[in-house]
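Take a look at the letters that make up each chain.
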Amino acid sequence: MKTIVLYVSKMGATKAYAEELAKLVGGDAMPLKKFRWKKGLGAYDCFVFGGWVMGGKIQGIDTFLSHYDEMNDAGKDIIVFSCGMSYPTPEGRKEMISINVLDLYRVRYYQVQGSFDFQKLKFPWSMMMKFTLNKMEADPNLDDNKKALLSFRERPLIVHDEAKIEKIARMIGMIAAERDKKSA
Ligand SMILES: Cc1cc2nc3c(=O)[nH]c(=O)nc-3n(C[C@H](O)[C@H](O)[C@H](O)COP(=O)(O)O)c2cc1C
């Protein structure tokens, strides 16, 4: 089984995860915008998409899912992971599925925590981040997880969740085994 990991990354965390995952499963990794669907669709059985999170939205997900029917009709397996600074929780996962309307599709979804450094952000991203965090701060129902995010205005968050990438790789291994069984 051949796997491709497509990604949209701004600061490099999602790209690093995508490349690591591709290496673990013996697949390819490529920025989403470089992938040529007409030529490439037939070359892979499993499509993984990883996008960084801005204001709860997985960047690039709409473009990736605009090819959902092509992938689904051709019997591809589809996995999506998001890379954000939020610590993954079941509630956070539900929120991400809802914001990104992932429940409308037959995809497996994983939430991966990435790094974040407010000081390295340039305009207009710094403005947008300030806006996101200020909006969050004003929420009267702020949970502990979101409160923790506010502290990243002052200090960088450095996370590389290798275990989560290994978990996705194991899932891809299971998908490959299923495909082998079916074709035997
Ligand atoms: C403008 C802006 C908005 C962000 N909004 C969120 C968010 O809503 N939720 C979240 O978990 N992370 C958010 N982040 C953090 C990034 O998703 C995180 O830093 C991620 O690791 C970036 O991935 P990249 O290095 O591949 O670009 C935001 C970052 C920026 C710059």
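If you're wondering where the values come from, they're calculated on a predicted model, not measured in any experiment.

### Overview of helix α5 (residues 90–99)
Line of reasoning, step 1. When we look at burial in α5, the residues that qualify are Gly92, Met96 and Ile97. One side of α5 carries all its buried residues, which in axial view fall inside an arc of 140 degrees. Exposed positions of α5 whose direction lies more than 90 degrees from the buried face are Pro90, Glu91 and Lys94.
Line of reasoning, step 2. Residues of α5 that are buried make contact with β3 (46–54), β4 (57–58), β5 (77–84) and β6 (108–113).
Line of reasoning, step 3. Immediately beyond the C-terminal end of α5, within one or two residues, lies Val101, with a positive phi of roughly 40 degrees.

### Quick notes on the site of the ligand
Line of reasoning, step 1. Near the ligand there are 22 residues, and of these Ser9, Lys10, Met11, Thr14 and Ser115 occur at the shortest range.
Line of reasoning, step 2. At 2.8 Å, a backbone N or O of Ala13 approaches an oxygen atom of the ligand.
Line of reasoning, step 3. Taking Met85, its main chain carries an N or O atom lying 3.0 Å from an oxygen atom of the ligand.
Line of reasoning, step 4. Mapped by element, the contributors of at least two residues to the shell around the ligand are α1 (13–25), β3, β5 and α6 (125–137).
Line of reasoning, step 5. Partitioning the shell around the ligand into residue classes produces 12 nonpolar, nine polar and one charged.
Line of reasoning, step 6. Each of two domains, domain 1 (3–116 + 157–183) and domain 2 (118–156), supplies a minimum of three residues to the shell around the ligand.

### Describing the pattern of salt bridges
Line of reasoning, step 1. The full count for this structure, using the stated rule, is nine salt bridges.
Line of reasoning, step 2. Of the charged contacts in the structure, one is a salt bridge between Lys2 and Asp28, with a shortest N-O distance of 3.7 Å. Placement of Lys2 in the segment before β1 (3–8) and of Asp28 in strand β2 (residues 28–31) is noted, with a sequence separation of 26 residues between them.
Line of reasoning, step 3. Note on Lys2: relative accessible area 33%, which makes it partly exposed.
Line of reasoning, step 4. Taking relative accessible area as the criterion, Asp28 reaches 27% and is therefore assigned partly exposed.
Line of reasoning, step 5. With a shortest N-O distance of 3.9 Å, Asp144 and Lys147 are connected by a salt bridge.

### Digging into the domain arrangement of the protein
Line of reasoning, step 1. Under the domain assignment, the protein is made up of domain 1 (3–116 + 157–183) and domain 2 (118–156).
Line of reasoning, step 2. Relative to domain 2, the C-alpha centre of domain 1 lies at a distance of 25 Å.
Line of reasoning, step 3. Taken together, the 13 residues of domain 1 in the interface contact 14 residues of domain 2.
Line of reasoning, step 4. Taking both partners together, domain 1 and domain 2 bury about 1,200 Å²; carbon and sulfur atoms supply 73% of that area.
Line of reasoning, step 5. The largest share of the area that domain 1 buries against domain 2 comes from Met85, Phe116 and Leu157, three residues that together contribute 47% of it.
Line of reasoning, step 6. At the surface where domain 1 touches domain 2, the tally comes to one salt bridge.
Line of reasoning, step 7. Here Lys146 ties to Glu95 by a salt bridge, and the two come within 3.2 Å at their closest N and O atoms.
Line of reasoning, step 8. Applying the counting rule to domain 1 against domain 2 returns two residue pairs in polar contact (both at pLDDT 80 or more).

### Quick word on the environment of Pro88
Line of reasoning, step 1. Examined against the element boundaries, Pro88 turns out to sit in the loop between β5 and α5.
Line of reasoning, step 2. Linking Pro88 and Ile4, residues 84 residues apart in sequence, is a C-alpha distance of 24 Å.
Line of reasoning, step 3. Leave out the neighbours within four places in its chain, and Pro88 touches Gln111, Gln113 and Lys164.

Reading guide: rules and limits
Residues numbered from 1 in each chain as written. Predicted model: local features only at pLDDT ≥ 70, side-chain atom pairs only at ≥ 80, totals over all residues. Heavy atoms only, no water. Buried < 20%, exposed > 50% of the residue type's maximum accessible area, 1.4 Å probe, protein only. Helix = DSSP H or I, 4+ residues; strand = E, 2+ residues; numbered from the N terminus. Arc of directions from axis to C-beta. Contact = heavy atoms within 4.5 Å. Near = heavy atom within 4 Å. Polar contact = N/O pair within 3.5 Å; in protein donor to acceptor, adjacent residues only side chain to side chain. Nonpolar A, V, L, I, M, F, W, Y, C, P; charged D, E, K, R; others polar. Domains from an automatic or database assignment. Salt bridge = Lys/Arg side-chain N within 4 Å of Asp/Glu carboxyl O. Buried area = accessible area lost by both parts, 1.4 Å probe.

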